[in-house]
Each structure stands twice: as C-alpha cells, then as structure tokens.
Amino acid sequence: MQIINILLFLILGAYSLAGIITAGKIKSTADYYVMSEKAPTLFLVGSLCASYMSAVTMGAGAGEAYARGPIMMLLTGPLGAWCGMIIAVLFIGRRLKALGCYTLPDFFTKRFSSREVTFVATLIMIVGLLLYGISQLMAAGYVLSSVTGMTYGTLILIFVITLLLFCVPAGMWGVMLTDTLMFVPILIGSLILCPMILNNIGIENFTTNLPAALDNFWLRGGFENKPISWSVSQFLVWMMFFACSPMVISRVFPARNDFAVIKACLISVPLIAVMVTLVYITAGAMNVTDAVVPYSDAIMVTAYTTQIPGWLGAIGIVAIICAIISTASSLFSIVGFGLSRDLYNISGNIDDDTERENIKRGRAAQAVVIIFAGIIAYLAPITIYNLSVFASAIFAVGWLPVIFLALVWPRMNSLAAFSGMSVGITSLCILTLLTNNGVIVWPSWMNLYLLSIILAFVATISMGLLFRPTHQEMDCYYRILNTHLSDLMTKELRRFPGALETLLREYRSTKRTAWATFILFVSFWVLLLVWII
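Below is a summary of the structure that appears in this document.

## Re helix α19 (residues 400-408)
With 7 of 9 residues buried, α19 lies mostly within the body of the structure. By the burial criterion, the buried members of α19 are Leu400, Pro401, Val402, Ile403, Leu405, Ala406 and Leu407.

## Some details on the pattern of salt bridges
Considering all chains together, one arrives at 3 salt bridges under this definition. A salt bridge links Glu37 to Lys97, with the nearest nitrogen and oxygen atoms 2.6 Å apart. Highlighted residues: Glu37 in the loop between α2 (29-34) and α3 (41-52) and Lys97 in helix α6 (residues 77-98), separated in sequence by 60 residues. Accessibility expressed as a relative area gives 37% for Glu37, which makes it partly exposed. Given the relative accessible area of 6%, Lys97 is considered buried. One salt bridge in this structure joins Asp258 and Arg94, with 2.7 Å as the shortest N-O distance.

## Focus: helix α10 (residues 171-201)
Its 31 residues give α10 an end-to-end C-alpha distance of 43 Å, which sits within 8% of 45 Å, the value for a rise of 1.5 Å per residue. Leu193 marks where α10 bends most, by close to 35 degrees; the proline Pro195 follows one to four residues later. In the stretch just after α10, Gly202 is the one whose phi turns positive, near 105 degrees.

## Details of the packing of aromatic side chains
Going through the model one piece at a time under the given rule, you end up with 12 aromatic pairs. Considering the side-chain rings of Tyr32 and Tyr33, the 5.6 Å spacing of their centres and the 90 degrees angle between planes classify their relative orientation as edge-to-face. Taking the relative accessible area as the measure of exposure, Tyr33 reaches 0% and is therefore buried. Between Tyr32 and Phe337, the ring centres sit 5.8 Å apart and the planes meet at 65 degrees, which makes this aromatic pair edge-to-face. Residue Tyr32 is found in helix α2, and its partner Phe337 is found in helix α16 (residues 310-347); the two are separated by 305 residues along the sequence. If you follow Lys25 out to its NZ or CZ, it ends over the ring of Trp173, 5.0 Å from the centre.

## Let's talk about the packing of helix α4 (residues 55-68) against helix α14 (residues 258-285)
A pair of packed helices is captured by two measures, namely the crossing angle of their axes and the spacing between those axes. At a minimum axis distance of 8 Å, the contact between α4 and α14 shows a crossing angle of 50 degrees. Put simply, α4 runs oblique to α14. Judged by the sense of rotation from one axis to the other, the crossing of α4 with α14 is right-handed. Side by side, α4 and α14 meet where Thr57, Met58, Gly61, Ala62, Ala65 and Tyr66 of the first sit next to Val276, Val279, Tyr280, Ala283 and Gly284 of the second.

## Structural notes on unusual backbone geometry
Note: most residues except glycine have negative phi, and most peptide bonds are trans. Positive phi, close to 55 degrees, is recorded for Glu37, a residue that is not glycine. Located in the positive-phi region is Ser113, a residue other than glycine, with phi close to 50 degrees. Following the sequence through the fold, Ser113 ends up in the loop between α7 (104-112) and α8 (115-148). Here Ser113 falls in the partly exposed class, since its relative accessible area comes to 41%.

## Here's the deal with the state of the cysteines
For the structure on display, the rule yields 0 disulfides. Considering cysteine sulfurs only, Cys322 is the nearest to Cys167, which forms no disulfide, with 14 Å between them. Given the relative accessible area of 0%, Cys167 is considered buried. Looking at Cys244, it has no disulfide partner, and the nearest cysteine sulfur is the one in Cys83, 15 Å off. On the accessibility criterion, Cys244 (0% relative accessible area) is buried.

## A word on the side chain of Gln307
Assignment of secondary structure puts Gln307 in the loop between α15 (299-306) and α16. Judged by relative accessible area, which is 12%, Gln307 ranks as buried. In terms of polar contacts, Gln307 uses its side chain to reach the side chain of Thr306, at 3.1 Å. Beyond its immediate chain neighbours, meaning those up to four positions away, Gln307 contacts Ile197, Asn200, Ile201, Met286, Thr289, Ala291 and Thr302.

Rules behind the numbers
Residues numbered from 1 in each chain as written. Predicted model: local features only at pLDDT ≥ 70, side-chain atom pairs only at ≥ 80, totals over all residues. Heavy atoms only, no water. Buried < 20%, exposed > 50% of the residue type's maximum accessible area, 1.4 Å probe, protein only. Helix = DSSP H or I, 4+ residues; strand = E, 2+ residues; numbered from the N terminus. Salt bridge = Lys/Arg side-chain N within 4 Å of Asp/Glu carboxyl O. Expected span 1.5 Å × (residues − 1). Bend = angle between axes of the 7 residues up to and from the residue. Phe/Tyr/Trp six-rings, centres within 6.5 Å; stacked < 30°, edge-to-face > 60°. Lys NZ or Arg CZ within 6 Å of the ring centre and 35° of its normal. Axes fitted to C-alpha atoms, helices over the stretch in contact; angles between N-to-C directions. Parallel < 35°, antiparallel > 145°, perpendicular 65-115°, else oblique. Left-handed = near helix turned anticlockwise from the far one by under 90°. Contact = heavy atoms within 4.5 Å. Disulfide = S-S within 2.5 Å. Polar contact = N/O pair within 3.5 Å; in protein donor to acceptor, adjacent residues only side chain to side chain.

This is the structure:
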C-alpha cells in the first residue's frame, strides 16, 4: 500500500508539472483549443488509447467480464465501440476538421447558422460529458480507496486538484501531452502485467478448470447464455455511442495532417482491441483463484495486488489511475471549451475579444467544470456503470442522427436538426424512467437506446422532408461535400519546398503502418487462440 501511495503522488505530481510547463506554449486560442493543429501521430494514438481505457473498461467492463465471461463482453459492447471509433475518426472527425472546427458545436454553427441548434447541441455535449466525467472520478474514489487506505472524499479532492493543474493552464496541449504520458503505464498494465497474471493462474486452470467451473465461459452467450439478438442489439448501441463521441472526434482536430489521423486510427483501434481483450480475459480468469474480490468493479485492482509481486502490482494500480485520469481530463477539457467558446459565442462574439481574454475565459471555464464535477462525484448520486452508459446514450440519441444526416443529406435543415435532438433526448429520458420503474420490459432484440435513436432519426428525416433547407444551408452542404482533409493537406504541403517528396514519404509511412498493424494484430489473435485451445 505504501508503494502504491508513493507512486500515486509521484505520477500525479509529474503530470501536473508537465501541464504547468506546457502552459508556456499557449500563445493563442488555436494553441489552447487545438494545439495549432500540430499534434503528431504519437499524441493522437496516446490520447485515443488512454481515453478509451477508462474506468468503464478497467473497472465496470472488467467487472462484467468477471461476472459474465469475457467473450460476451468482447463481441458486444467493445466490438461495437471499435467500429464506432473508426466511423468517428475517419468519417466524421476528418470531415469536421476539414471545415476548420475547433469543437464539435462549431460544426452545428457552420452547418445550420442557428443559435437554437447550436445551443441545444452544446447543452447535450456539456451534460453528457459531465456525467461521463463524473463517473470517472467516482470510479477513482471507489476502486482506489481500498488499496491506498485513503477515503473516497480525499481521493476525489486529490484528483480534482491534479486535473486543475494540468487541464486549466495548457488546454489541449496539456491534455494531449499527459494522455500520451499516461498511455505508457496503461500499455504496461495491459500488455505485460495481464499476461503475467494469466501465467500465474496457470494454463491448466485457464484452459481446462475454468470452463469446467464456469459453464459457457468461452461462448458468446457467457454465463447467462444470452441470445444472439441481445448481442446484436448491444453491438449496435455501442457502435452508435462511439460513432458520435466527442471524446473521440475531438482528438482529430489537433492532428498535424490527414496522414497523422489515418495512421492514428490504424494503430489505435487494433491496439485498444488487444489491450481490452487481455484485460477482460484476465478478469474472467480470476474466477478460479482464491483471491477475495470485494465487488466486481474492483477485479483488476484485486488481480494486480494478489497475482503478481507487490511492485509490479503497484504499476498495475498506476495503470488504472492513468486510465481514469486521462479520460476525465479529456472529457472536462471539452466541456470547458464548450462553455468558454461555444456557449459564449451564442450570446456574444468571440472574435471581438483579444487572444488573452479568450484564453483567460477558457481557463476559467475549465476550472469551473472540474470543481463542479468534483462536488457531484463526492456526493455520488448514481452507480458508475449506469451513469457512464446513460451519458454515452445522450450523444447517440442527441447527435448521431443530426451529424450523420447533416453530412450526407442535402435536405437537412435547422428545424430538422432541432427536432431530431429534442425528440432523441426527450424519448431517452422518458423511456429510461419507464424502464427503471418496471413499466417497460424490453425484448432481447431491442432496448430503450436503440428505440430513442430510431425515433430521433424518424423525427429528423420527417422535418427534413416537410421543410426545405435555406440557401445558406444548401451552400454549406455542398461545401462539405467538396471539402476534403486530404485536399487541404496537399494544398498546405505545396507551400513548402520538396512537397512531392514529403507527400510520398508520408504515404509510404502510412502504408507500412497499415501492414505492420495488420500483421501484428492477426498474429496476436492466432497466438491467443493457439494458447487457449
């Protein structure tokens, strides 16, 4: 416990210091919000992976794998999330970056020129991300209090202070840098420590005794033998959750160029798949150990502290801490940007203020968001998993139909966007209340999130068919249709000597990355199957 506490303070202090030092790079609002679009592939990969490996993955998700079996988990939520990430990065993120968006509500402003639509979109983002971020702080307090000896409230206070130190001064620079640094222990915790735990449990236990002790352990249905319709439903829901996730899409905006975005997606999604697979299989394998698990969400804490030597276990705990803090910092930074930039621009004009005033307002908003989230997390009003799922659903029902149709449908207009978001969020809240009170029991092929998304799509399409878009909305649609990030990158490269050589070098590098990722990913699954069989 003493080693864990020392490492906790050392690593949080190091990340806080990195954020404070990075503040010296902030000279303009472009620096603060999108790193002046200078983020290399490494930063994008580090931030995407660290943000994904959150309290939901390392806590609640691992707990579900422990309780129900890893295959059911991997073939439902995570698989859908990985597909959703590809859509978010390569389809939505690249298009929004090509339009010059600093934040996601920027897209609604550019596409519809409607204060009402931008306000509703920004409000959805702020509420959803706050709820998801609060779930991360709650997880940090609950999961780590047992191994650090500190109270839940003390841990919440420590994490809030840390977030204030590296999120507020440096904005996106601080978040992307610390995410990349935090990715290192997360990588060690999943790719190195999890195989060590599995080896300690033993191949015989893992391949023979475990399936014998737990029926259906290696089957898609898991312990509960769920029908395939349930799996399909969960896959679709999580794919839609992540396809419009601000946490994923916003990682594209600071990218240096289109090649960096493509390479980041090629590396991140398979790497996340491997890390999550190892974590979930490790969590499931803990069923045949003698370790006492206080509650399922703490399964990885138990695995790290009981199955490997103490100092290695401490590194595993640090990995969990980094997964939680990196996700929280990404979420709260986006909320702060929404307050200081998007909501402010609805009532005023951000261009009328000086760079110093804009940066100062951005930092103040970040501080307010983090302190507010810390207070709510301290009160702990709801369970972590339910809170994170509901927060993810907010974006799927409120944003996905509108963003998708706004990118591909010429009849999309501001009234359709407003109706789609309103119907989606309203139906989500009503159906959640009815479901939680037992009024509605859903069949395996349907759940309230899918129904809310369908209703939002129907409302959006209906209003799009009934009302024509304005000339400005039509112009914006065709501008989107003819604006590609690859074209903008090529145009930018032409300004410098050796543009053709640079372009060819980036192309070859991306091609090598694609092949290397494919070979390593396939090799991992082949080795895993051979080991299991």
